[in-house]
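The primary structure of each chain is shown beneath.
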Amino acid sequence: MAKPSRFIWCGVHQQRKILESCPKCGHFPCKGLTAGQIARIAESTPLEQTVTRATKRRIAPMYFLVKDDQSLEVYTGTLDELPPEKAAEAVEALECSAYIVQELTWVPAGKEKKVKIAGAGKKALCVLESSDGTLSLTEADPAERIEEGAKLYPVDKRLVRQYVPVKINLESEESSSSKPPVTTRRKSAAKK
């Protein structure tokens, strides 16, 4: 089997270049490199993945229900249609209408890739759906790398369970009690 050549054709500079010198180029990694060539470069130069772009993709509004034990459950539909047994378990509901997709690239370790990302540096409350399907609540920055295959759902609204006051039939309460009825100030002032 022939040994792979150290030289490659560089489409950016339009000449033959040494493969190991590619990480020094400002265009690294370019479209001309294959996965095998990047693996060969990684043998001589330590590489790490960094975020080049974070794109927000809109979805139909969905909810993540937070239970008493702080576990999360996905719920699609409106909160008016929420079954009573799920409503009793939920402490709060997190409404999300988008998720963030990160595009990653390889850079030499220690070298910063200067790319402008909308919302970079701003941590926000997000639901992280791991590649294995587990959900967790975290504060995340879209420019920070998350695990491969994970989805990041920024929280639009945080809805806390509301307790509705119970209406009491006053007529039945008055007939059962032996106390005289309470009069309001206006009625008592009008009688004097």
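Residues numbered from 1 in each chain as written. Predicted model: local features only at pLDDT ≥ 70, side-chain atom pairs only at ≥ 80, totals over all residues. Heavy atoms only, no water.

### Section: the environment of leucine 125
By secondary structure assignment, the location of leucine 125 is in strand β6 (residues 124–129). When the C-alpha positions of leucine 125 and aspartate 156 are compared, they lie 8.8 Å apart, and in sequence the two are 31 residues distant. Not counting residues up to four positions away in its chain, the partners in contact with leucine 125 are Leu137, Thr138, Glu139, Tyr153, Pro154, Val155 and Arg158. (Helix = DSSP H or I, 4+ residues; strand = E, 2+ residues; numbered from the N terminus. Contact = heavy atoms within 4.5 Å.)

### Examining the environment of isoleucine 38
Following the sequence through the fold, isoleucine 38 ends up in helix α1 (residues 35–44). For the pair isoleucine 38 and phenylalanine 28, spaced ten residues apart in the sequence, the C-alpha separation amounts to 10.0 Å. Contacts of isoleucine 38, omitting those with residues within four sequence positions, involve Pro29, Leu33, Leu47 and Trp106.

### Focus: the nonpolar core
Among the nonpolar cores identified, the biggest contains ten residues, and these are Met62, Phe64, Val66, Leu72, Leu94, Cys96, Tyr99, Val127, Tyr153 and Val155. Of all elements in the fold, only β3 (47–67) and β5 (90–108) reach the threshold of two or more residues within this core. Excluding residues that lie within four positions of it along the chain, valine 155 makes contacts with Leu94, Glu95, Cys96, Leu125, Cys126 and Val127. (Core = buried A, V, L, I, M, F, W, Y, C linked by side-chain atoms within 4.5 Å. Buried < 20%, exposed > 50% of the residue type's maximum accessible area, 1.4 Å probe, protein only.)

### What to know about the state of the cysteines
A complete count under the given rule lists zero disulfides for this structure. Here cysteine 96 stays free of any disulfide, with the sulfur of cysteine 126 as its closest cysteine sulfur at 8.0 Å. What makes cysteine 96 buried here is its relative accessible area of 0%. (Disulfide = S-S within 2.5 Å.)

### A look at the pairing of strand β7 (residues 135–140)
As judged from the six bridges shared by β6 and β7, these two strands associate in the antiparallel manner. Within β7, the residue paired with alanine 124 across the bridge is alanine 140. Count of turn residues in the β6/β7 antiparallel hairpin: five residues, of which glycine 133 carries a positive phi of about 100 degrees. (Pairing = 2+ DSSP bridges.)

### What about the pattern of salt bridges?
For the structure on display, the rule yields six salt bridges. Note that arginine 158 is salt-bridged to glutamate 92, the shortest N-O span being 2.9 Å. On the criterion of sequence distance, the pair formed by arginine 158 in strand β9 (residues 157–160) and glutamate 92 in strand β5 is long-range, its members being 66 residues apart. Taking the relative accessible area as the measure of exposure, arginine 158 reaches 48% and is therefore partly exposed. For glutamate 92, a relative accessible area of 12% gives the class buried. Among the ionic pairs, glutamate 144 bridges to lysine 123, the shortest N-O distance being 3.8 Å. Placement of the pair is glutamate 144 in the loop between β7 and β8 (151–154) and lysine 123 in the loop between β5 and β6, with a sequence separation of 21 residues. (Salt bridge = Lys/Arg side-chain N within 4 Å of Asp/Glu carboxyl O.)

### Re the pairing of strand β4 (residues 72–76)
Where β3 meets β4, five bridges bridge the pair, whose relative direction is antiparallel. Bridging from a neighbouring strand, tyrosine 63 pairs with tyrosine 75 of β4.

So far we have only geometry, and geometry alone does not tell us how the molecule works.
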